[in-house]
Amino acid sequence: MILHQIEALKAIGVSEVVLAINYQPEVMLNFLKDFETKLGIKITCSQETEPLGTAGPLALARDKLLDDSGEPFFVLNSDVISEYPLKEMIAFHKSHGGEASIMVTKVDEPSKYGVVVMEQSTGKVEKFVEKPKLFVGNKINAGIYLLNPSVLDRIELRPTSIEKEVFPKIAAENKLYAMVLPGFWMDIGQPRDYITGLRLYLDSLRKNSPSKLANGPHIVGNVIVDETAKIGEGCLIGPDVAIGPGCVVESGVRLSRCTVMRGVRIKKHACISSSIIGWHSTVGQWARVENMTILGEDVHVCDEIYSNGGVVLPHKEIKASILKPEIVM
């Protein structure tokens, strides 16, 4: 997920990315090391010893964010995906001359979110309304910001929220502007939303770079398959499926609305839908895995097992069916 953001930042000329991480930063940095040289971008980490909310990490990384140029910097929530129109955002930021720009996206049910009330013509943000009971607008914070360095002077080094404590003050001074995000947007921090996000992302690939999608008689709808994955005879794959590197899908398998991560083996005639299959797991012959089943790393589902929404922690073997959604520890 983070790699998509880093690639988008690199494409518009960003030279350094700082990750604000509280939990196991070495895991993330080891993964990204290869890409640092491949993409030619500096990736460093600002580690929190305690969770600092959404604004505190910026104060912690202050020295990394301030340079002599006075140029603005991007801030992205790592669990949102979109088409990242960052170039357009820079132009928008320069045009309004305010202190901060935020991306907003239109949603059908604004009552579940914090709504951004803004002037249509200029994008100037008037106020924020948290989970409104009455309709005040349908645009919500999309978690992508472009901030002038002066914003850092407004943030203390303590657990603090950029949305609730920092932005309302900037808005009160008429220095906060919002740009409506074109294209798709999804917060994919939850498994169900991740699967929806995968569908939106694949739709966007179909529009913008269809050559990246798989095709053939065994493919239905939008499917992305890593070139190192092997797929057997008589499978039916799609719609909305992603198959990672080194995966082996044996013959007669049915896959729909699912992600199959690196190094997974799916044995003959298994059927997987609306699920996430974690790294290096195996799904046995004639097994049926569905309804938001999530397999952690290195999980082995035996032959002819049924999983209805099981959430399975890493390194487990599943020898009995999971008949209703539950966590297997």
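Conventions and cut-offs
- Residues numbered from 1 in each chain as written.
- Predicted model: local features only at pLDDT ≥ 70, side-chain atom pairs only at ≥ 80, totals over all residues.
- Heavy atoms only, no water.
- UniProt positions renumbered as here; feature names shortened; annotations may be inferred.
- Helix = DSSP H or I, 4+ residues; strand = E, 2+ residues; numbered from the N terminus.
- Rg over C-alpha atoms; globule rule 2.2 N^0.38 Å.
- Buried < 20%, exposed > 50% of the residue type's maximum accessible area, 1.4 Å probe, protein only.
- Contact = heavy atoms within 4.5 Å.
- Salt bridge = Lys/Arg side-chain N within 4 Å of Asp/Glu carboxyl O.
- Patch = residues over 30% accessible without salt bridge, like charges linked within 9 Å, V, L, I, M, F, W, Y side chains within 5 Å.
- Areas by Shrake-Rupley, 256 points an atom, 1.4 Å probe, with all protein chains shown as cover.
- Pairing = 2+ DSSP bridges.
- Phe/Tyr/Trp six-rings, centres within 6.5 Å; stacked < 30°, edge-to-face > 60°.
- Core = buried A, V, L, I, M, F, W, Y, C linked by side-chain atoms within 4.5 Å.

Labelled according to an unreviewed UniProt entry, the chain appears under the name mannose-1-phosphate guanylyltransferase, originating from Castanea mollissima. In its Sequence similarities (unreviewed entry) section, UniProt records this for the chain: "Belongs to the transferase hexapeptide repeat family." The heading Pathway (unreviewed entry) in the UniProt record of the chain holds the text "Nucleotide-sugar biosynthesis; GDP-alpha-D-mannose biosynthesis; GDP-alpha-D-mannose from alpha-D-mannose 1-phosphate (GTP route): step 1/1."

## Description of the overall build of the chain
Secondary structure assignment for the chain yields 7 helices and 26 strands. Computed over C-alpha atoms, the radius of gyration of the chain comes to 22 Å, within 12% of the 20 Å expected from 2.2 N^0.38 for 329 residues, which places it in the range of a compact globule. Its C-alpha atoms put the chain at 65 × 45 × 40 Å along the principal axes. Per-residue burial for the chain yields a buried fraction of 47% across its 329 residues. Nonlocal contacts in the chain, meaning residues at least 24 apart in sequence, comprise 42% of its contacts between residues at least 6 apart.

## Concerning the UniProt feature "domain: Nucleotidyl transferase" (unreviewed entry) in the chain
The UniProt record marks residues 1-201 with the feature "domain: Nucleotidyl transferase" (unreviewed entry), using the residue numbering of this structure. Taken as a whole, residues 1-201 contains 33% helix and 27% strand, while its terminal C-alpha atoms sit 11 Å from one another.

## Thoughts on the side chain of Ser256
Mapped onto the elements of the fold, Ser256 is located in strand β16 (residues 254-260). Filtering out sequence-adjacent residues up to four positions away, Ser256 remains in contact with Gly238, Pro239, Asp240, Val241, Ile272, Ser273 and Ser274.

## With respect to the pattern of salt bridges
Applying the stated criterion across every chain yields a total of 11 salt bridges. Note that Arg62 and Asp153 form a salt bridge whose closest N and O atoms lie 3.0 Å from each other. With Arg62 in helix α4 (residues 62-65) and Asp153 in the loop between β8 (139-147) and α6 (162-172), this pair connects stretches of sequence that are 91 residues apart. Taken together, the shared-partner salt bridges in this structure form one network comprising Glu99, Arg154, Glu173 and Lys175.

## Considering helix α1 (residues 2-11)
Within α1, burial applies to Ile2, Leu3, Gln5, Ile6, Ala8 and Leu9. Each element contacted by the buried residues of α1 is listed here: β1 (16-21), α2 (25-39), β2 (42-47), β3 (73-76), β4 (80-82) and α5 (86-96). Once α1 finishes, Gly13 follows within two positions and takes phi at roughly 100 degrees, a positive value.

## A closer look at a nonpolar patch on the surface
On the surface, a nonpolar cluster with roughly 340 Å² of combined accessible area is contributed by Leu313, Ile327 and Met329. Mapped onto the elements, Ile327 comes out in strand β26 (residues 327-328).

## Overview of the pairing of strand β6 (residues 114-118)
Of all 5 residues that make up β6, 4 are buried, and the element is covered over most of its length. Where β6 lies against strand β7 (residues 125-130), 5 bridges are found, and the strand directions are antiparallel. Each residue of the ladder has a partner; that of Val117, found in β7, is Lys127. If you look at the hairpin formed by β6 and β7, you'll find 6 residues sitting between the two strands, and Gly123 has a positive phi there, around 85 degrees.

## Let's talk about the packing of aromatic side chains
Enumeration over the complete set of coordinates arrives at 3 aromatic pairs. Relative to Phe35, the ring of Phe31 lies with its centre 5.4 Å away and its plane at 50 degrees, an arrangement referred to as tilted. Remark: Phe35 and Phe31 occur in helix α2; sequence separation between them is 4 residues, near one turn of the helix. By relative accessible area, which is 43% here, Phe31 ends up partly exposed. Each ring, one from Phe128 and one from Phe167, has its centre 6.5 Å from the other, and the planes form 15 degrees; the classification is stacked. With Phe128 in strand β7 and Phe167 in helix α6, this pair connects stretches of sequence that are 39 residues apart. When its relative accessible area of 0% is taken as the criterion, Phe167 is described as buried. Within the aromatic cluster, the residues linked to one another by ring pairs are Phe128, Tyr145 and Phe167.

## Remarks on the environment of Gly234
In this structure, Gly234 sits in the loop between β12 (230-231) and β13 (236-237). The class for Gly234 is exposed, based on a relative accessible area of 67%. In contact with Gly234, other than residues within four places in its own chain, are Gly252 and Val253.

## Describing the environment of Ile272
Counting through the fold element by element, Ile272 comes out in strand β18 (residues 271-277). Ile272 sits in the buried class, given a relative accessible area of 0%. Along the backbone, Ile272 and Gln120 are 152 residues apart, and their C-alpha atoms lie at a distance of 45 Å. Apart from the residues within four sequence positions on either side, Ile272 is in contact with Arg254, Leu255, Ser256, Cys258, Ile266, Ile277, Val283 and Val289.

## Some words on the nonpolar core
One finds Phe74 and Ile144 to be the most contacted residues of the largest nonpolar core, which totals 43 residues. No other element matches α1, which puts 5 residues into this core. When near neighbours in sequence (up to four residues on either side) are disregarded, Phe74 contacts Leu9, Ile12, Val14, Leu86, Met89, Ile90, Tyr145 and Leu146. In terms of nonpolar packing, the next biggest core, distinct from the first, is built from 30 residues, Ile237, Ile243, Val253 and Val260 among them.

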